[in-house]
Each structure stands twice: as structure tokens, then as C-alpha cells.
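Listed below, chain by chain, are the residues.
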Amino acid sequence: MNERAIHRIDFTKPTEHQKWLTINDNVMGGMSMGRLTYDGKSSQFQGELSLVNNGGFSSIKRSIEPLPKEMNTVELMCIGDGRTYQLRLTTWKDGSPIHYKHEFSTTKGKLQKKGFNLTDFQAVFRGRLLSDDPELVADDVKQVGFLIADKQTQPFALNLNQIQFKTLPKLNQ
């Protein structure tokens, strides 16, 4: 299969975690705690969710450089904790952000390579699916992020190794 790597975020670099912004549910009165740290080998999205004050989410995000329009796939390498996370891509239309999510499950302690087609991302607003937002196109993506909101109140940890944006040939055409 012919593929071409377009853009890569390398979480094994000691400075990568410094480019990420943490947004927890405390922006709405919740008490969840999460952050991105570097352990000397990779970056770890870690913390603990709280359901106090209708809380229950933690997220991280960063801006990215413009991607070519033909990019159609995102590949993630990570070691999970057995929980479900969201990979999130953000665009802007008329000055307002549009968030797109793709959920993925992890296997505790196992290095996994996850691939996501842009056409499979779903537009969301505050946890609700949107039906009439534009199709997700690579050159509109301005941010990438992760979110956990599985209503489990024990600690979470997602070890991130890399995100790679790719152009893969379209099948069946």
C-alpha cells in the first residue's frame, strides 16, 4: 500500500508536552484533574476524573501547522490503560470552533497503533453530536487533542508516542 507521511507529532521529544494546553471540567465548575507530562521516554496524558458538580472530563489540545488538503488519515501510537478516549480535531468556521471526535479504546499496558479516517470523525458540541456541520477536511484542521469523559472516577493514563497525519490511497474507486 502506497502511503505518504504528511505531518508528525513526536511525543518522545522532551519539549513536546510543553506545546499542549490542558482544559479540565473546572472551566464549568467540575473538579477533574488532568495534565500532559513527560517521563523521559514519552508524554503521558494522566489525571483523575471527578463527577462532582456535574464534572467528568479532562482534555488536552495543541495547535498544528496547516495540513495539505489531500491528507485523509490520522495514525496514533499509544499505550493505554484499558479506558476509552477521544482523538479530537478542531476547525473554525465563521470565527467559531467546530470539534470533531473519534473514540478509541485502549488495552492496558499494550502498545497500540490506531488508524482513523477523517471521514469517520463526528462533529460534536459539548458532548452532543451535530448533524449538519461540514465534512472534516485536512486543510481546515487547526488543533489536535485528546479527551476522556467515560464517567469512571479512578485515575487515567494514556502514554502517547506519536501522531502521524497521512495520505492513503482511496480504495474501491
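One structure accompanies this document, and this report is about it.

Conventions adopted
- Residues numbered from 1 in each chain as written.
- Predicted model: local features only at pLDDT ≥ 70, side-chain atom pairs only at ≥ 80, totals over all residues.
- Heavy atoms only, no water.
- Helix = DSSP H or I, 4+ residues; strand = E, 2+ residues; numbered from the N terminus.
- Rg over C-alpha atoms; globule rule 2.2 N^0.38 Å.
- Buried < 20%, exposed > 50% of the residue type's maximum accessible area, 1.4 Å probe, protein only.
- Pairing = 2+ DSSP bridges.
- Core = buried A, V, L, I, M, F, W, Y, C linked by side-chain atoms within 4.5 Å.
- Contact = heavy atoms within 4.5 Å.
- Polar contact = N/O pair within 3.5 Å; in protein donor to acceptor, adjacent residues only side chain to side chain.
- 1 Å grid on protein atoms, 1.4 Å probe; cavity = no way out; pocket = protein on both sides within 12 Å on 5 of 7 lines; lining within 4 Å.
- Points joined across faces, edges and corners; volume = space filled by probe spheres on them.
- Nonpolar A, V, L, I, M, F, W, Y, C, P; charged D, E, K, R; others polar.

A look at the overall build of the protein
(1) Moving on: Regarding its fold elements, the protein presents 0 helices and 13 strands.
(2) Moving on: For 173 residues, the compact-globule formula gives about 16 Å, and the C-alpha radius of gyration of the protein, at 16 Å, lands near that figure.
(3) Moving on: Viewed in the frame of its principal axes, the protein has a C-alpha envelope of about 50 × 40 × 30 Å.
(4) Moving on: Here the protein holds 173 residues, and 47% of them are scored as buried.

Observations concerning the sheet that holds strand E8 (residues 96-105)
(1) Moving on: Read across the sheet, 7 strands follow the order E2-E5-E12-E7-E8-E10-E11 without closing on themselves; strand pairing throughout is antiparallel. Every interior strand has two partners, whereas the edge strands, strand E2 (21-24) and strand E11 (128-129), have only one.

Observations concerning the nonpolar core
(1) Moving on: Phe-45, Phe-146, Leu-160 and Phe-165 are the most contacted members of the largest nonpolar core, which has 34 residues in total.
(2) Moving on: Listing elements by their share of this core, those giving two or more residues are strand E6 (73-79), strand E7 (84-93), E8, strand E12 (143-148) and strand E13 (155-167).
(3) Moving on: Among the elements that make up this core, the one with the highest residue count is E13 (5 residues).
(4) Moving on: Not counting chain neighbours up to four residues away, the residues in contact with Leu-160 comprise Phe-11, Leu-36, Ser-42, Ser-43, Phe-45, Ile-60, Leu-76, Met-77, Cys-78 and Phe-146.

Quick word on the pairing of E12
(1) Moving on: Extensive coverage of E12 is indicated by the burial of 6 of its 6 residues.
(2) Moving on: Burial along E12 is two-sided: Gln-143, Gly-145 and Leu-147 and Val-144, Phe-146 and Ile-148, pointing in opposite directions, are all buried.
(3) Moving on: Relative to E12, E7 runs antiparallel, the two sharing 5 bridges. Residue pairing in the sheet places Leu-87 in a bridge with Phe-146 of E12.

Some remarks on the side chain of Lys-166
(1) Moving on: Inspection of the secondary structure assignment puts Lys-166 in strand E13.
(2) Moving on: Within the structure, the side chain of Lys-166 is placed 3.2 Å from the side chain of Glu-75, a separation counted as a polar contact.

Focus: unusual backbone geometry
(1) Moving on: Although it is not a glycine, Asp-94 sits at a positive phi angle of roughly 55°.
(2) Moving on: Along the chain, Asp-94 falls in the loop between E7 and E8.
(3) Moving on: Note on Asp-94: relative accessible area 75%, which makes it exposed.
(4) Moving on: Its identity as a non-glycine residue notwithstanding, Lys-151 has a phi of 65°, on the positive side.

Re the layout of surface pockets
The gaps left among the atoms become clear once a water-sized probe is rolled over them.
(1) Moving on: Taken as a whole, the largest pocket spans an internal volume of roughly 860 Å³.
(2) Moving on: When the residues that make up the lining of the largest pocket are grouped by side-chain class, the tally is 12 nonpolar, 13 polar and 6 charged.

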